[in-house]
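# Structural overview
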Amino acid sequence: MDFTKRQTRIINMLKQTSPLTSEKIAGNLELSVSTIRPDLRFLTSVEILNARPKVGYEFKGNQLLNFDYDHIYQTPISEILLPTTEIKASDTLQVAVGKLFLKDVGSLYVVNEKGDLVGLISRKDLLRASLNNSNVQSMMASIIMTRMPNIITATPDMSVIEAGKLLLLHKVDSLPVVDKQSSRHAIGKITKNRIFQHFIEIGMKTINN
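Presented here is a report on the structure given in the accompanying data block. (Residues numbered from 1 in each chain as written. Predicted model: local features only at pLDDT ≥ 70, side-chain atom pairs only at ≥ 80, totals over all residues. Heavy atoms only, no water.)

## Observations concerning helix 3 (residues 33–45)
Test applied: To qualify as a helix, a DSSP run of H or I must reach at least 4 residues; to qualify as a strand, a run of E must reach at least 2; elements of each kind are numbered from the N terminus. Given a helix with a known number of residues, its expected span is that number minus one, times 1.5 Å. Buried means the residue's accessible area, taken with a 1.4 Å probe over protein chains only, is under 20% of the maximum for its type, while exposed means over 50%, and partly exposed covers the values in between.
Over its 13 residues, helix 3 extends 18 Å from the first C-alpha to the last, a length consistent with the 18 Å expected when each residue adds 1.5 Å. When we look at burial in helix 3, the residues that qualify are Ile 36, Asp 39, Leu 40, Phe 42, Leu 43 and Ser 45. One or two positions beyond helix 3, positive phi appears at Glu 47, with a value near 65°.

## Section: the pairing of strand 5 (residues 117–122)
The cut-off we apply is this: Any two strands between which DSSP finds at least two bridges are classified as paired.
Extensive coverage of strand 5 is indicated by the burial of five of its six residues. In this sheet, strand 5 lies alongside strand 4 (residues 107–111) in antiparallel orientation, the contact comprising five bridges. What sits directly across from Ser 107, in strand 5, is Ser 122. If you look at the hairpin formed by strand 4 and strand 5, you'll find five residues sitting between the two strands, and Gly 115 has a positive phi there, around 85°. Relative to strand 6 (residues 146–147), strand 5 is paired through two bridges, and the arrangement is antiparallel. Pairing of Gly 119 across the sheet is with Arg 147, part of strand 6.

## A closer look at the sheet that holds strand 5
Stated precisely, the cut-off is as follows: Contact between two residues is taken to exist if any of their heavy atoms lie within 4.5 Å; hydrogens are not considered. In this analysis, axes come from line fits to C-alpha atoms, helices being fitted only over the stretch in contact, and the angle between any two N-to-C directions falls in the range 0 to 180 degrees.
Strands sit in the order 3-4-5-6 across an open sheet of four strands; the sheet is mixed. A single partner strand is all that each edge strand has here, and the edge strands are strand 3 (86–88) and strand 6. Taken strand by strand, helix 5 (residues 93–103) contacts strand 3 and strand 4, and its axis lies near 130° from that of strand 4. Each of strand 4, strand 5 and strand 6 touches helix 6 (residues 123–131); the most contacted strand, strand 5, lies at about 70° to it.

## Overview of the nonpolar core
Inclusion rule: Here, the term nonpolar core denotes a set of buried Ala, Val, Leu, Ile, Met, Phe, Trp, Tyr and Cys residues that are joined through side-chain atoms within 4.5 Å.
Among the nonpolar cores identified, the biggest contains 32 residues, and Ile 10, Ile 25, Leu 43, Leu 49 and Ile 190 are the most heavily contacted of them. Those elements giving two or more residues to this core turn out to be helix 1 (5–16), helix 2 (22–29), helix 3, helix 4 (69–74), helix 7 (160–170), strand 7 (174–179) and helix 8 (192–208). Apart from the residues lying within four places of it in its own chain, the contact partners of Ile 25 are Ile 10, Met 13, Leu 14, Leu 20, Ile 36, Leu 40 and Tyr 57.

## What about the layout of surface pockets?
How we decide: The distinction between a cavity and a pocket rests on a 1 Å grid over the protein atoms alone: a 1.4 Å probe fits inside a cavity but cannot get out, while a pocket stays open yet meets protein on both sides within 12 Å along at least five of seven lines, and a residue with an atom within 4 Å of a point counts as lining. Grid points are joined across faces, edges and corners, and a volume is the space filled by probe spheres set on the points. Three residue categories are used. Nonpolar comprises Ala, Val, Leu, Ile, Met, Phe, Trp, Tyr, Cys and Pro, charged comprises Asp, Glu, Lys and Arg, and polar comprises the others, including Gly.
Volume-wise, the largest pocket comes out at about 800 Å³. Lining the largest pocket are 22 residues; nearest its centre among them are Pro 38, Asp 39, Gly 164, Leu 168 and Phe 199. Secondary-structure elements contributing two or more residues to the lining of the largest pocket are helix 1, helix 3, helix 7 and helix 8. A breakdown of the residues in the lining of the largest pocket according to their chemical character gives 10 nonpolar, six polar and six charged. Lining the second largest pocket are 25 residues, and of these Gly 106, Ser 107, Val 172, Asp 173 and Ser 174 sit closest to its centre. Breaking the lining of the second largest pocket down by element, the ones donating at least two residues are strand 5, helix 6, strand 7, strand 8 (182–191) and helix 8. Grouping the amino acids of the lining of the second largest pocket by side-chain chemistry returns eight nonpolar, nine polar and eight charged.

## Focus: unusual backbone geometry
Cis peptide bonds are those with omega within 30 degrees of zero, and the linkage from Ser 18 to Pro 19 qualifies with -5°. Here Pro 19 is to be found in the loop between helix 1 and helix 2. For the bond from Met 148 to Pro 149, the omega torsion is 10°, close enough to zero to count as cis. Here Pro 149 is to be found in the loop between strand 6 and helix 7. The backbone of Asp 104 sits at a positive phi, close to 55°, despite the residue not being glycine. In this fold, Asp 104 is placed in the loop between helix 5 and strand 4. Here Asp 104 falls in the exposed class, since its relative accessible area comes to 62%. Backbone geometry at Lys 171 places phi at a positive 55°, although glycine is not the residue there. Locating Lys 171 in the fold gives a position in the loop between helix 7 and strand 7.

So this is what it looks like as structure tokens:
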């Protein structure tokens, strides 16, 4: 199994001294805990590390030499897409809030009468607008949305690693995935949580085999 340079440093560190807390590991690497958290999650999910509550992380051993490292990162996101939750540009904030919590999603995709993607509203956008506005029953959602073309999008042929880089670079939780032939036609979305779920699913399949 191949690992990134940072993951290799974490493994070697814990081979020498275990257990170590995430704060101690981050300090030794001169990085923040939030920066190394995805590495710790991944190494724990494939059972290289063991996470002990209130104790820290310890080296468990490379038990999965046959782990398909390329597959986990190079999978096209078209295989793991989530459906979008859409609203119309003319819908009110009240409608938007209701749909967001009813569907339990982190973002809403705003479409026009033709079904084209024209904007995006995040959970934070709705919360901020609702707190600062008592007129949510009549205020249109389109007023607070981020408008195209100022929305970062992905295409279905992108790999998991490419989409993950976009999510981290732009510090967002999800990306609309649009048709390569039409940048306004959203066919799904990819989120940080979906990518993490993808890692766990492949790790569990490897363990069970």
